[in-house]
Amino acid sequence: IGVTLGSSSGDDFNVDSGKLVVEGDTGNVGIGTTSPSSQFSIGETSGTPTFTIGRTGTNPTITAGGTNTDLKIASVGSGGGLSFDTNGQTRLNINASGNVGIGTSSPDTLLEVNAGSNACITTDRSNSGAHIQFDSNGSEKGSISESGGTVSYNPFTGSHYGWIDGSCELGK
């Protein structure tokens, strides 16, 4: 059964069987599905949404591509926050305090990266120069740079721990 609004010569709005559905029981709206599983579903096939805006529990969720396949963006917990999931795993989390976690769902600092046994950060330049720069009040204070395959800490002063055999005079 189809419903057409507009003139028969040039339909302005067309609701066709299975093209646009509003379920009376749930209020869910679906485009391209006869049984939308959330508040707004587009192109859903057998419970796997192509694009869904809805809720999981009490947290709003946007899912694109389907369950555990492509992308899920959801609010996190009662205090707020945001998570980005792919393939059923949280990849990036911004908590209510504004802390960002990559590879962790509960970052304790402004940026926390957890890569397991892999390198946490890799930098790659097309030429020599700073890979990491340290600023204070808008002024560069130091950097880690590379030139011709040599890594330098610029300028570098700091504390170093050491272990010596035997005794040593205090302050040396």
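Owing to the predicted nature of the structure, the values given are computational and were not obtained by experimental measurement. Counting starts from 1 at the beginning of each chain's written sequence and moves along it residue by residue. For this predicted model, a pLDDT threshold of at least 70 governs which residues receive local features, and a threshold of 80 or more governs which side-chain atom pairs are given and counted, while totals over whole chains, interfaces and linings are taken from all residues. Note: side-chain values were computed over all heavy atoms of the structure, leaving out hydrogens and water.

**Q** I would appreciate a short explanation of the overall build of the protein in the present structure.
**A** Regarding its fold elements, the protein presents zero helices and 15 strands. Summarising the internal contacts of the protein: among those between residues at least 6 apart in sequence, 0% fall at separations of at least 24. Only the protein chains shown count as cover for residues, and all accessible areas are computed by the Shrake-Rupley method using a 1.4 Å probe. Element-wise, carbon and sulfur atoms account for 52% of the exposed surface of the protein, whose accessible area totals about 12200 Å². Each helix is a run of DSSP H or I of at least 4 residues and each strand a run of E of at least 2, with the numbering of both proceeding from the N terminus. In this analysis, two residues are considered to be in contact whenever any of their non-hydrogen atoms come within 4.5 Å of each other.

**Q** I tried to follow a nonpolar patch on the surface on my own but got confused; where do I start?
**A** Taken together, the side chains of Ile 102, Leu 110 and Leu 111 define a hydrophobic patch exposed on the protein surface, amounting to about 310 Å² of accessible area. Topologically, Leu 111 is positioned in strand 12 (residues 111-113). Residues qualify for a patch when their relative accessible area is over 30% and they have no salt bridge, like charges being joined within 9 Å and the nonpolar side chains of Val, Leu, Ile, Met, Phe, Trp and Tyr within 5 Å. A pairing counts as a salt bridge when a side-chain nitrogen of Lys or Arg comes within 4 Å of a carboxyl oxygen of Asp or Glu.

**Q** What's the story with the side chain of Asn 99 in this structure? I'm lost.
**A** Considering the arrangement of structural elements, one finds Asn 99 in the loop between strand 10 (89-95) and strand 11 (100-102). Here Asn 99 falls in the buried class, since its relative accessible area comes to 15%. Apart from residues no more than four positions distant in its own chain, Asn 99 is found in contact with Asn 93, Ile 94, Pro 107, Asp 108, Thr 109 and Leu 110. Relative accessibility under 20% of the residue-type maximum defines a buried residue, over 50% an exposed one, and the middle range a partly exposed one, all with a 1.4 Å probe and only protein chains included.

**Q** For this particular structure, what's the right way to read the environment of Phe 40?
**A** By the element assignment, Phe 40 lies in strand 5 (residues 40-42). Note on Phe 40: relative accessible area 29%, which makes it partly exposed. Considering only alpha carbons, one finds Phe 40 and Gly 30, 10 residues apart in sequence, at a separation of 5.8 Å.

**Q** Looking at this structure, how should I read the pairing of strand 10?
**A** The side chains of a regular strand alternate between both faces of the sheet. Paired strands are those between which DSSP finds at least two bridges. Looking at chain direction, strand 9 (residues 81-86) and strand 10 are connected through six bridges and run antiparallel. Its bridge partner being in strand 10, Leu 82 is matched across the sheet by Ile 94. From the end of strand 9 to the start of strand 10, which pair antiparallel, there are two residues, and Asn 87 there has a positive phi angle of about 50°. By the bridge criterion, three bridges tie strand 10 to strand 11 in an arrangement that is antiparallel. Looking at the pairing, Asn 93 lines up with Gly 101 of strand 11. The loop that links strand 10 with its antiparallel partner strand 11 comprises four residues; one of these, Gly 98, has a positive phi angle of about 95°.

**Q** Honestly, the sheet that holds strand 14 (residues 139-147) in this entry has me stumped. Any pointers?
**A** Sheets are built from strands paired through backbone hydrogen bonds, the pairs being either parallel or antiparallel. Reading across from one edge, 13-14-15 is the order of the three strands in this open sheet, with antiparallel pairing throughout. Because the sheet does not close on itself, it has two edges, and the strands there are strand 13 (129-136) and strand 15 (150-154). If you compare each strand with its neighbour and ignore which way they point, the axes differ by 15° on average. Sheet analysis places strand 13 next to strand 14, joined by seven bridges and oriented antiparallel. When the sheet's bridge partners are listed, Gln 133 is paired in strand 14 with Ser 143. A fitted line through C-alpha atoms represents every axis, and for helices the fit uses only the stretch in contact; the resulting angles, taken between N-to-C directions, go from 0 to 180 degrees.

**Q** Sorry if this is basic, but what is going on with the pairing of strand 15 here?
**A** Two strands pair when backbone bridges link them, and strand 14 and strand 15 are joined in this way by five bridges, in the antiparallel orientation. Looking at strand 15, one finds that Ile 144 is bridged to Tyr 153.

**Q** Please explain unusual backbone geometry as it appears in this structure.
**A** With phi around 50°, Asn 137 is a residue other than glycine that occupies positive phi space. Summarising the element assignment, Asn 137 is placed in the loop between strand 13 and strand 14.

**Q** Just checking my understanding: could you explain the side chain of Ser 145 for this structure?
**A** Tracing the sequence through the fold places Ser 145 in strand 14. Contacts described as polar in this section are N or O atom pairs within 3.5 Å, which, within protein, must combine one atom able to donate a hydrogen with one able to accept it, while residues neighboring in sequence count only if both atoms come from side chains. A distance of 2.7 Å separates polar atoms of two side chains, one belonging to Ser 145 and the other to Asn 154. The residues touching Ser 145, leaving out its near neighbours within four places in the chain, are Gly 129, Ala 130, His 131, Thr 150, Val 151, Ser 152 and Asn 154.

**Q** Explain the confidence of the model for the protein to me, please; I cannot follow it from the model alone.
**A** It should be kept in mind that the predicted coordinates are not to be read in detail where pLDDT is low. Along the chain, pLDDT gives the predictor's confidence residue by residue, from 0 to 100. Predicted confidence across the protein gives a mean pLDDT of 74, with 61% of residues reaching 70 or more. Here strand 2 (residues 11-15) stands out as the least confident element of the protein, with mean pLDDT 44; strand 12 is the most confident, with 95. Contacts from residues 4-14, a stretch scored under 50 in pLDDT, to residues over four places away or in other chains number nine contacts.

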